[in-house]
Amino acid sequence: MSEFGYIPESPEQSFGNNKGIFTPKDIYDLTRADKYTNYGQLELIETLTVSNVAEVDFTNLGTYNVHFMTFNDIHSANDNVILSIRFYESGVLETASVYQYAYQYGNVNGSFGDSRSTVQNRIYTLMNVGNATNETANGYSYFYNLIDSSKYSFSTFQSMTINNQPNGNMNFGSGVLPQASSVTGINVVMQSGNITSGTISLYGIRYS
Amino acid sequence: MGLVQVATETVTSAVASVTLTGIDSDDVYMVAYNNIAPSTDATQLQMRVTVSGSPDTSSNYDRASKSMKAFTTFSNSYATNENLTYPSSAQTGTGTSETNNGILYLYNFNSSSEYSFGTVEVVTGDYASARLYGWAGGFVNTVSQSCDGLQFFQNSGNIASGTFTLYRVV
């Protein structure tokens, strides 16, 4: 009996340390056991199905240097509001006007512009969303250096929403918390009122 | 975990269209398209959502994007009630690297009660010796229907080459 080409059995397999000859089934089984080396993997940390809350927190960031978050089918209780991001630093939510952001926005009816601030109490991330049927917000954000206490915490984002007109809106841009700190959590908060429903998922990007 | 490939097609001889289907859950989906070249010079890549595998040709596509050009000023691109939408920022051609390359994220496609949304991020080498265009924005199909994929095609002629891949983000 051979295992991965070794007789009688192979060395212990682990991420970053695979030895042997692998069939497609071997690769599948080792991947499911998190023992097969695939650099740049997108790894799900947590998915939150949101229901009638003003904000949600992701408090497990793992050991990733880059995170990815998706926002799917976000409905708002209040009309024409923006979904934003704040960070917990060593367990304490930063609510001071110390965040910076800059984004380009555009409306399907031709209204375009930019929005930016160096003294905001959050990073505005998804575009304005209405609160009527089919008025939803959708998008994604990447986060960089969150857990590194020697670096600022950056984000990039892109979204497509329907506002209260109702018109389609897009935006793309970036943000930063310009403080060298250890971010221990991500707070997702509506500008006002509740997030009525939606799904938000946080991933870590694994690389060596 | 991560990106699970749902469908892929690599074009090696000219085809009229490429259809990627398989969206069957409420997850976010992603499309990566690479080195998409036309068979006819100065034509533009377009797309439609598919419903049970067939393209929706109704005039219910809205879009807004910023067109960022290396050789001139930026411009705004927007429309409502079109019968298609765009994963490209400019016409491409039959010369070297006159291609489209980009990423789409798709939201709510599977839901029969919501509109289907997408964000678009693409880089294009245009038909005039691959001048650089970047494009970032989004589109929405303003019909409450369950969509299972996308169909890609040129506004004239065929797709000559390139790879399209649909992933589920899990």
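Residues numbered from 1 in each chain as written. Chains lettered and ligands numbered in written order. Predicted model: local features only at pLDDT ≥ 70, side-chain atom pairs only at ≥ 80, totals over all residues. Heavy atoms only, no water.

1. A word on the pairing of strand E6 (residues 99–107) of chain A
All names here are of chain A.
Stage number 1. Across 7 bridges, the pairing between E6 and strand E7 (residues 112–120) is antiparallel. Paired with Ala102 across the strands is Arg116, a residue of E7.
Stage number 2. Between E6 and E7, which pair antiparallel one after the other, the connecting turn spans 4 residues, and Gly110 there sits at a positive phi close to 105°.
Stage number 3. The pairing of E6 with strand E11 (residues 168–177) spans 8 bridges and is classified as antiparallel. Directly across from Gly106, in E11, lies its bridge partner Met170. (Pairing = 2+ DSSP bridges. Helix = DSSP H or I, 4+ residues; strand = E, 2+ residues; numbered from the N terminus.)

2. Notes on the side chain of Thr99 of chain B
All names here are of chain B.
Stage number 1. With respect to the helices, strands and loops of the structure, Thr99 is situated in the loop between strand E7 (75–82) and strand E8 (100–107).
Stage number 2. A polar atom in the side chain of Thr99 sits 3.4 Å from the side chain of Asn101.
Stage number 3. With sequence-adjacent residues up to four places away left out, Thr99 is seen in contact with Asn35, Ile36, Ala37, Thr92, Val123, Thr124 and Gly125. (Polar contact = N/O pair within 3.5 Å; in protein donor to acceptor, adjacent residues only side chain to side chain. Contact = heavy atoms within 4.5 Å.)

3. Section: the interface of chain A and chain B
Stage number 1. Facing 29 residues of chain A, the contacting portion of chain B comprises 36 residues.
Stage number 2. Carbon and sulfur atoms make up 63% of the surface buried where chain A meets chain B, a total of about 2500 Å² over both sides.
Stage number 3. Linking chain A with chain B are 0 salt bridges, by the criterion used here.
Stage number 4. Viewed at the interface, chain B and chain A are joined by 13 residue pairs in polar contact (both at pLDDT 80 or more).
Stage number 5. Secondary-structure elements contributing two or more residues to the side of chain A that touches chain B are strand E1 (41–53), strand E3 (66–76), E6, strand E9 (137–144), strand E10 (153–162) and E11 of chain A.
Stage number 6. Considering each element in turn, the side of chain A that touches chain B owes the most residues, 6 residues, to E3 of chain A.
Stage number 7. Among the residues forming the side of chain A that touches chain B, the class breakdown is 13 nonpolar, 15 polar and 1 charged. (Buried area = accessible area lost by both parts, 1.4 Å probe. Salt bridge = Lys/Arg side-chain N within 4 Å of Asp/Glu carboxyl O. Nonpolar A, V, L, I, M, F, W, Y, C, P; charged D, E, K, R; others polar.)

4. Here we look at the pattern of salt bridges
Residue and element names in this part refer to chain A.
Stage number 1. Scanning the entire structure with this criterion turns up 7 salt bridges over all chains.
Stage number 2. Here Arg116 and Asp114 are joined by a salt bridge, their closest N and O atoms 2.2 Å apart.
Stage number 3. When its relative accessible area of 60% is taken as the criterion, Arg116 is described as exposed.
Stage number 4. Note on Asp114: relative accessible area 47%, which makes it partly exposed. (Buried < 20%, exposed > 50% of the residue type's maximum accessible area, 1.4 Å probe, protein only.)

5. A word on the nonpolar core
All names here are of chain A.
Stage number 1. Met69, Phe87, Ile186 and Val188 are the most contacted members of the largest nonpolar core, which has 35 residues in total.
Stage number 2. Among the elements that line this core, the one with the most residues is strand E12 (residues 183–190), at 4 residues.
Stage number 3. Excluding residues that lie within four positions of it along the chain, Ile186 makes contacts with Val56, Asp57, Phe58, Leu61, Met69, Ile85, Arg86, Phe87, Tyr88, Phe143, Leu146 and Leu202. (Core = buried A, V, L, I, M, F, W, Y, C linked by side-chain atoms within 4.5 Å.)

6. Here's the deal with the sheet that holds E7 of chain B
Residues and elements named next belong to chain B.
Stage number 1. An order of E1-E12-E3-E8-E9-E10-E6-E7 is seen for the 8 strands of this open sheet, with the pairing classed as antiparallel. This sheet does not close on itself; its edge strands, each paired only once, are strand E1 (3–11) and E7. Within this sheet the neighbouring strands show an average axis-to-axis angle of 15°, counted without direction. (Axes fitted to C-alpha atoms, helices over the stretch in contact; angles between N-to-C directions.)

7. Remarks on the confidence of the model for chain B
Stage number 1. Summing up the model confidence of chain B, the mean pLDDT is 96 and the portion of residues at 70 or higher is 99%.
Stage number 2. Across the whole predicted complex the pTM is 0.89, and at the interface the ipTM reaches 0.92. (pLDDT = per-residue confidence, 0-100.)

8. Describing the pairing of strand E6 (residues 61–69) of chain B
All names here are of chain B.
Stage number 1. Burial analysis of E6 places 8 of its 9 residues in the buried class, the great majority of the element.
Stage number 2. Both E6 and E7 contribute to a ladder of 6 bridges, which runs antiparallel. Opposite Ser65, over in E7, you have Ser77 as the bridge partner.
Stage number 3. Once E6 ends, the chain turns through 5 residues before running back antiparallel as E7.
Stage number 4. Pairing geometry for E6 and strand E10 (residues 132–141), over 9 bridges, is antiparallel. Paired with Ser67 across the two strands is Trp135, which belongs to E10.

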